[in-house]
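These are the residues of each chain, in order.
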Amino acid sequence: MNMMMRVAAYIVLAPIVGGLLQGIDRKISARMQRRVGPPLLQPFYDVIKLLKKQAITVSTSQTFFLLTYLIMMVLTGAMFYGGTDILMCFFVMSTAATFLYFASVVTSSPYATIGSNRELIQMMTYEPAVLLACVGFYLVEGTFNVEEIAISDKLDLALMPGFFIAFVFILTIKMRKSPFDLSTSHHMHQEIVKGITTEMGAQNLALFQISEWYENVFLMGVVGLYVVNSSPLSVIAALILIAAVYFLEILIDNTSARMKWESMLKITWIVTLLSAGVNLLALMLIHI
Amino acid sequence: MTGLPLIPFLILFPFCVGATLFCIQNMEVRKVIAYVSSSLIILADFILLFAWLAMGARPVTMYFETAFVDRVMLAAELGLMVLVVFLCFKYRKYWISLLSIIPTCMILWIELYVPKAEGGGKIYLDHLSILMCLIVGIIGGLIIVYGAGYMDGYHQHRSDVPDRRRYFFMLLFFFLGAMFGFVLSESLLWIDFFWECTSICSFLLIGYTREPEAINNSFRALWMNLFGGLCLAIGIWQFVTHTGSVSLHELIAVGVAGRAVAVIPVVLIAVAALTKSAQLPFSTWLIGAMVAPTPSSALLHSATMVKAGIYILFRLAPAMQGTLTGMMISLIGGFTFIITSIMAIAQSDGKKVLAFSTISNLGLMVACAGMGRMETIWAGVFLMIFHAISKSLLFQDVGATENSLHSRDIEDMHGLLYILPKLAIFMFIGIAGMFLAPFGMLIAKWSAFKASVDSGNVMMVFFIAFGSATTSLYWTKWMGKLISQSHIREKKFEDITKRNEMISLSIHAALMILLCLLFPLLSRVYVNPLLTEMFGAAHDVLPQSVLYVLVLIIIIVLAVPVISYNYVKNYRTNRKLSYMNGINEGDNRFFIDSFGDPKRLWLSNYYFPGRIGQRKLMVPGQLFAMTILIVMMIMIIGGVVA
Amino acid sequence: MANVKRSPWLLHYDGSSCNGCDIEVLACLTPVYDAERFGVMNTGDPMQADILLVTGGINSQNASVVRQLYDQMPRPKVVVAVGVCACTGGIFKDCYNILGGADKVVPVDIYVPGCAARPQSIIDGIVQAVELFQKRSDEHDALVQSGKGM
């Protein structure tokens, strides 16, 4: 019952929270640039407007793929907040990402195709860190189950700081923040027109936007999982950690220029190998 | 138990059919015989399964008195040696003949002069060998059905190649017979004989077209596999001279007991298996095998040949667990897994991508076997099952596509869904089965991952984490190509895929989806008993609850597209031109260039052949693997001798 | 009737011009004027744009381009001609290759004069365009609800 409640809460609240997070993001970014910035609810205004516009598409199957992407993304988050296997969540997430790729390449448009090729490279770049993060949880807690990880007594972050660094690092890619916003970029940046979202207009873009909100809430949940444990105070700590990580991402976004994909791949894999790898070795030693 | 007549039938029948096919001139009659006998083989497979289940599904050893058969086999082995020597001299590859002469002489010597414990069983039936029989029989049989149609199209589109179809089908059937023999044998001498049979069959199949490239590649395959055969023969000779036994299970038992006599035979047989499974540094023969017509590559890659190596490694797994040999095998397997999956990214030839992905997936299976734990074998068995089906499906499909499209380049498959819809859908299913969550291969990979964490194998954890990332890159970009809107709409391609090819493809696709859904059942009913036989105890690596959740997710993943398709179907929308800076000319296929003329838009995937291509990585990879192999072999053998 | 005027996204096209207006348009988006306060966003993609901002005149080569970009925008949409060149052809009006202002190829709704147009007047033009965008959106809604349009 409890699980159902959480899943329902995620499905209903995630877009609201995700939209608000994005609103805060834009506001803070504006303040960092000494601007007033848009209203907090701007992301919602945008999505409502997009939904109101005339339905357009380059390829009719694009909407189909995007809808599948959205549902898969919701499923990923629902599985996570429902407390199932964390590795499985990420596998479903990668399937969702594959559908986003399909939604873009199906149009055979030059900019969208370049964007989606880069998206694939991004997927390849972040996947090891994600898998290793799951291994980290498994080694510390002895289970992949999100619920069991969340109610255990251990403070995961203390034992897996290396995994956390690698995960925050790839979060920049996942959240499409500069310097890693290669496949598509957020509003104030521009890259290869709009990259993977180039051919998405009106409703299709709204679907993409909403999926992104779901995704961000899911990812922030994973960040929170690093500190959540049996103590009720840990929830507050998790919220603070999430806020700090989000702020860090905004800061990185506003202070760095976009990289080439080669540099992205190299740097990310090196960071993954060094921080997550060393952490993994240390944990394995304790484990054995 | 004295015998089950089905077993000689399974082994001999394909040989008889092959010989008959060679003698029949009429093509239609030949096809009918091929269909009927493939169906009979599949049927016999099932009867064997049920007969054995009825016997209580326990491991059985049979056929104890086989002196006559042994002599026949010896004669056949000499015959094979003569054939190889003849061909080597004909094509001036003199030194390769040594690789055939030496092991044959060794086997001859063992057979005639080394005292052996008499009366050991020659055939062994258990879960693993029955599973292998099913894979060989079902997939192999379907490939032959497919091949009957495919070869017509092949000779239509490759009119430069002499038509030797009789010979081709003969070899395919011989291959199946040899594989059955290989997986059912208990006697190491029998295993060696069938091993040589598969090596030579594959050599002849690769050289089918008799073009210079084909001949070159076939000899490369020959020497690598014969080298494996040499290792195997030396291993057997070592074991026989020390213990007087030629039983595979004796060897495993001695190995599990940790006695030193088993170390050298096990390591040599494992190295032999590496050559069969085309692991680094022996990978190049499998890539070269691509020159052969598709049915033979499908057979080599999915059901037979490479799986023979995996089979023998699974057999040896308990003996390798925790030893230096196991470490060597898992290291080489894991390394092959990641390095070939990187090389696969750089390939645009569809068959080459499949070849590299075969080697890469085999690497994972080899690594699973090398770790030798119950959990890793669980993962390995599932990898083997799903890989066999998906790969066979993909090979057949790429072959059929090539016949219709006159190209097997992935770049030319842009928009295949609109050109050859049926083949594209099958290809889509096959690729999805290879890597996409939550289908079979991924679940197996997942459990391999978990098992390597459990066994504390840090190296493997890294290999799998990075290797699965690179694996999904090349598959996803291929899938993307299939569904992109076509650049070419003016040229029409006719789907010349024959009905029998379609039948085989449909059965494969259905089988794959079915197995994905029956995953938990398969695990409980078949794979766990298999592991119990091997390790004495077994449990699911992923808890059954997770497996059922997975099945649920598979259903959701299959249902979501259907639901969203139905939702979108009636969705009214306005078609717009795609964005090309406003210089789009008409219908997304042309844009206006700087001279004001329309120019065709051509989109390509990323490959980076200069950076991660075969030329760049193959030699370093081989050198690295060879170093591991030599250094560790010295350590292992030196450790025993000293 | 949704409130769409809070989120007007611009597509900016620079035709045959001295690039003066072009730079002024971008100046509107800098922190000094901060057009994002009103939800204004500069997007490079016509599929995602609501307001087409044309600077510079139309010549024989870019006429089809402007037309195509306009066609790719989903309804409701508004066109703003920024600067005198985009309004009439301006100083280039009599050149051999100039067809005239943006209204030669697309229906222009708002004309922002100036050479170059000042950011203040551009923002004023956008604000007027936004009102029109809201009006058109309401009309579009009414059409959709009556089942006639899409």
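A brief structural summary. Each chain carries its own residue numbering, running from 1 in the written order of its sequence. Throughout, the order in which chains and ligands are written sets their labels, letters from A for the former and numbers from 1 for the latter. Only residues with pLDDT of at least 70 get local features here, since the model is predicted, and only at 80 or more are side-chain atom pairs given and counted; chain-wide, interface and lining totals rely on the full set of residues.

### Some points on the overall build of chain A
- Per the convention used, a helix needs a DSSP run of H or I reaching at least four residues, while a strand needs a run of E reaching at least two, with both numbered from the N terminus. When helices and strands are tallied, chain A shows 11 helices and 1 strand.
- Helices and strands appear in chain A in the N-to-C order α-α-β-α-α-α-α-α-α-α-α-α.
- The C-alpha atoms of chain A give a radius of gyration of 19 Å, which matches the 19 Å a tight globule of 288 residues would have.
- Taken along the three principal axes of its C-alpha coordinates, chain A extends 60 × 45 × 40 Å.
- Any residue with 12 or fewer other C-beta atoms within 10 Å of its own C-beta is exposed, any with 20 or more is buried, and the rest are partly exposed; the C-beta atoms used are placed from the backbone. Going through the 288 residues of chain A one by one, you find that 65% of them count as buried.
- We call two residues in contact when their backbone-placed C-beta atoms lie within 7 Å. In chain A, 74% of the contacts between residues at least 6 apart in sequence involve partners at least 24 apart. Using C-alpha atoms as the atom set, the radius of gyration is obtained and then compared with a globule rule of 2.2 Å times the number of residues to the power 0.38.

### A short note on the overall build of chain B
- Secondary structure summary: chain B contains 25 helices and 5 strands in total.
- Taking 642 residues into account, the globule formula puts the C-alpha radius of gyration at 26 Å, and chain B, at 25 Å, falls close to it.
- Along the first, second and third principal axes, the C-alpha atoms of chain B reach 85 × 55 × 50 Å.
- Burial statistics for chain B: of 642 residues in total, 57% are counted as buried.
- Within chain B, contacts between residues separated by at least 24 positions form 81% of all contacts whose residues are at least 6 apart in sequence.

### Concerning the environment of Ser283 of chain B
- Within the fold, Ser283 of chain B resides in the loop between helix H10 (263-276) and helix H11 (284-288).
- Leave out the neighbours within four places in its chain, and Ser283 of chain B touches Ala278, Thr336, Thr340 and Ile359 of chain B.

### Digging into the interface of chain B and chain A
- Taken residue by residue, the interface counts 49 residues in chain B and 53 residues in chain A.
- Only helix H19 (440-454), helix H20 (458-483), helix H23 (544-569) and strand E3 (574-575) of chain B provide two or more residues apiece to the side of chain B that touches chain A.
- Each residue gets one label: Ala, Val, Leu, Ile, Met, Phe, Trp, Tyr, Cys and Pro are nonpolar, Asp, Glu, Lys and Arg are charged, and the others, such as Gly, are polar. A per-class count over the side of chain B that touches chain A returns 30 nonpolar, 15 polar and 4 charged.
- Two strands are counted as paired when DSSP detects at least two bridges linking them. Pairing geometry for strand E1 (residues 56-57) of chain A and E3 of chain B, over 2 bridges, is parallel. Residue pairing across strands places Ile56 of chain A opposite Asn574 of chain B, the latter belonging to E3 of chain B.

### What to know about the pairing of strand E1 (residues 9-14) of chain C
Residue and element names in this part refer to chain C.
- Extensive coverage of E1 is indicated by the burial of 5 of its 6 residues.
- Every crossover in which the path from the first strand over the helix to the second runs clockwise, viewed with the strands pointing away from the viewer, is termed right-handed. A crossover connection joins E1 to the parallel strand E2 (residues 41-43) through helix H1 (residues 20-28); in handedness this β-α-β unit is right-handed.
- Note: E1 against strand E3 (residues 51-55), 5 bridges, orientation parallel. Paired with Asp14 across the two strands is Thr55, which belongs to E3.

### Concerning the interface of chain C and chain A
- Contacts between chain C and chain A engage 20 residues on the former and 27 residues on the latter.
- A total of 3 residues in the side of chain C that touches chain A trace back to one element, the largest contributor, which is helix H4 (residues 119-145) of chain C.
- Of the residues in the side of chain C that touches chain A, the class split is 7 nonpolar, 6 polar and 7 charged.

### As for the sheet that holds strand E5 (residues 78-82) of chain C
Residues and elements named next belong to chain C.
- The strand order across the open sheet formed by 5 strands is E2-E1-E3-E5-E7, and the pairing between neighbours is parallel. In this open sheet, the two strands that pair with only one neighbour each are E2 and strand E7 (110-112). Direction aside, the axes of adjacent strands within the sheet are offset by 30 degrees on average.
- Summarising the sheet, E3 and E5 pair through 5 bridges and their orientation is parallel. Note on E5: the bridge partner recorded for Thr55 is Val82.
- Relative to the sheet, H4 contacts E3, E5 and E7, its axis offset from that of E5 by approximately 165 degrees. All axes are obtained by fitting lines to C-alpha atoms, using only the stretch in contact for helices, and the reported angles, taken between N-to-C directions, cover 0 to 180 degrees.

### Some remarks on the environment of His301 of chain B
Residue and element names in this part refer to chain B.
- If you trace the backbone, His301 turns up in helix H12 (residues 294-303).
- The sequence separation of His301 and Leu188 amounts to 113 residues, and the corresponding C-alpha distance is 24 Å.
- Those residues within four positions of His301 in sequence are excluded, and the remaining contacts are Val306, Leu354, Thr358, Lys391 and Phe395.

### Some remarks on unusual backbone geometry
- Arg75 of chain C connects to Pro76 of chain C through a cis peptide bond whose omega is -10 degrees.
- Relative to the helices and strands, Pro76 of chain C resides in the loop between helix H2 (63-72) and E5.
- The amide bond that connects Cys115 of chain C to the next residue, Ala116 of chain C, takes the cis arrangement and shows omega of -10 degrees.
- Position of Ala116 of chain C among the secondary structure elements: in the loop between E7 and H4.
- One non-glycine residue, His406 of chain B, adopts positive backbone phi at about 60 degrees.
- Residue placement: His406 of chain B occurs in the loop between helix H16 (374-405) and helix H17 (416-419).
- With a phi close to 75 degrees, Asn19 of chain C is a non-glycine residue in the positive phi region.
- Relative to the helices and strands, Asn19 of chain C is located in the loop between E1 and H1.
- The exposure class of Asn19 of chain C is exposed, given the 11 C-beta atoms found within 10 Å.

### Observations regarding the nonpolar core
- Each nonpolar core comprises buried Ala, Val, Leu, Ile, Met, Phe, Trp, Tyr and Cys residues, the members being joined through C-beta atoms within 7 Å. Core analysis: the largest hydrophobic core is formed by 342 residues, its most contacted members being Cys134 of chain A together with Ala270 and Leu313 of chain B.
- With 19 residues, helix H5 (residues 110-141) of chain A is the single largest residue contributor to this core.
- Not counting the four nearest positions on each side in its chain, Leu313 of chain B is found in contact with Ala270, Ala273, Ile329, Val366 and Ala369 of chain B.
- With 44 residues, the next largest nonpolar core counts Trp9, Leu69, Cys87 and Val130 of chain C among its residues.

### Considering the packing of H5 of chain A against H20 of chain B
- At their nearest, the axes of H5 of chain A and H20 of chain B sit 9 Å apart, and the two run at 155 degrees to each other. Between H5 of chain A and H20 of chain B, the interaxial angle falls into the category roughly antiparallel. Where H5 of chain A crosses over H20 of chain B, the handedness of that crossing is right-handed. Facing Ser116, Leu120, Met123, Met124, Glu127, Pro128, Leu131, Leu132 and Val135 of chain A of H5 of chain A, the residues of H20 of chain B in contact are Val461, Ala465, Phe466, Ser468, Ala469, Thr470, Ser472, Leu473, Thr476, Lys477 and Gly480 of chain B. Here the angle decides the label: under 35 degrees means roughly parallel, over 145 means roughly antiparallel, 65 to 115 means roughly perpendicular, and every other value means oblique. Throughout, a crossing is termed right-handed when the near helix is turned clockwise from the far one, and left-handed when it is turned anticlockwise from it by less than a right angle.

### Some points on the pairing of E5 of chain C
All names here are of chain C.
- The element E5 is largely enclosed, with a buried count of 5 among its 5 residues.
- Here E5 shows no split at all, with Val78, Val80 and Val82 on one side and Val79 and Ala81 on the other all buried.
- Pairing between E5 and E7: 3 bridges, direction parallel. Along E7, the bridge assignment pairs Val80 with Ile110.

### Quick look at the packing of H19 of chain B against H20 of chain B
All names here are of chain B.
- One can describe the packing of H19 onto H20 by two numbers: an axis separation of 8 Å at closest approach and a directional angle of 155 degrees. The angle between H19 and H20 falls in the class roughly antiparallel. By crossing handedness, the relation of H19 to H20 is classed as left-handed. Two secondary-structure elements touch here, H19 through Lys445, Ala448, Phe449, Ser452 and Val453 and H20 through Met460, Val461, Ile464 and Ser468.
- In the contact of H19 with H20, the residues fall into 6 nonpolar, 2 polar and 1 charged.

### Brief notes about the environment of Tyr567 of chain B
All names here are of chain B.
- Topologically, Tyr567 is positioned in helix H23.
- Residue class for Tyr567 comes out exposed when judged on the 12 C-beta atoms lying within 10 Å of it.
- Through-space distance from the C-alpha of Tyr567 to that of Ile24 is 56 Å; in sequence the pair is 543 residues apart.

So yeah, pure geometry; function would need other evidence.
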